[in-house]
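Coordinates in review
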Amino acid sequence: MNLFQDGDFISHAGLPLKWKIECDAIKKEEWETLAKIIREYEPRNWRFAIGIPRGGVSLGVALDRYSTKDPNDPVLIADDVYTTGKSFRDYANNFPNEEVLQWCVFARKPTENNVKALFTMPNKA
């Protein structure tokens, strides 16, 4: 399976895509390394990490190893690919009275609403 795939796809938000990032191609050890990188770049601690189903689950599991379990720390929500931000907005509703950190590995455009990404595509010219 290739990480980058050419073709016609529909995003989680219902947008037509001409290519996609297939994160099922990422191995467990690679998710652990990506989580380590996020830990290095996220200055705050988090109580627990959880991945947005389906794509963010493996990253959430890998990030949870860095969780403090301290009820005073925020929750960290993770996803594999950011396209429109809809998944983050929807999933954050599960934590209405919580401070939430938000991270993804790949962003198909610059992120909004305090979502951080390790790798971001630029805006189209």
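Everything discussed here concerns the structure shown above.
Attention in this report is confined to the structure presented alongside it. Note that the coordinates shown come from a computational prediction; the quantities given were computed from them, not determined experimentally.

Cut-off values and rules
Residues numbered from 1 in each chain as written. Predicted model: local features only at pLDDT ≥ 70, side-chain atom pairs only at ≥ 80, totals over all residues. Heavy atoms only, no water. Phe/Tyr/Trp six-rings, centres within 6.5 Å; stacked < 30°, edge-to-face > 60°. Lys NZ or Arg CZ within 6 Å of the ring centre and 35° of its normal. Disulfide = S-S within 2.5 Å. Patch = residues over 30% accessible without salt bridge, like charges linked within 9 Å, V, L, I, M, F, W, Y side chains within 5 Å. Areas by Shrake-Rupley, 256 points an atom, 1.4 Å probe, with all protein chains shown as cover. Salt bridge = Lys/Arg side-chain N within 4 Å of Asp/Glu carboxyl O. Buried < 20%, exposed > 50% of the residue type's maximum accessible area, 1.4 Å probe, protein only.

It is worth spelling out the packing of aromatic side chains at this point. This structure, assessed with the given rule, holds 5 aromatic pairs. With a centroid separation of 6.2 Å and 35° between ring planes, the pair formed by Y82 and F88 is classed as tilted. Through a chain of ring-to-ring contacts, the aromatic side chains of F4, F106 and F119 assemble into a single cluster. A cation over a ring is seen here: R108 above W19, with NZ or CZ 3.7 Å from the ring centre.

A separate point is the state of the cysteines. Enumeration according to the criterion identifies 0 disulfides in this entry. Residue C104 stays outside any disulfide, its sulfur separated by 9.6 Å from that of C23, the closest cysteine.

As a further point, take a nonpolar patch on the surface. On the surface, a cluster of nonpolar side chains totalling about 300 Å² of accessible area is made up of F4, W19 and M121. A residue is classified by how much of its surface remains accessible, and M121, at 39% relative accessible area, is partly exposed.

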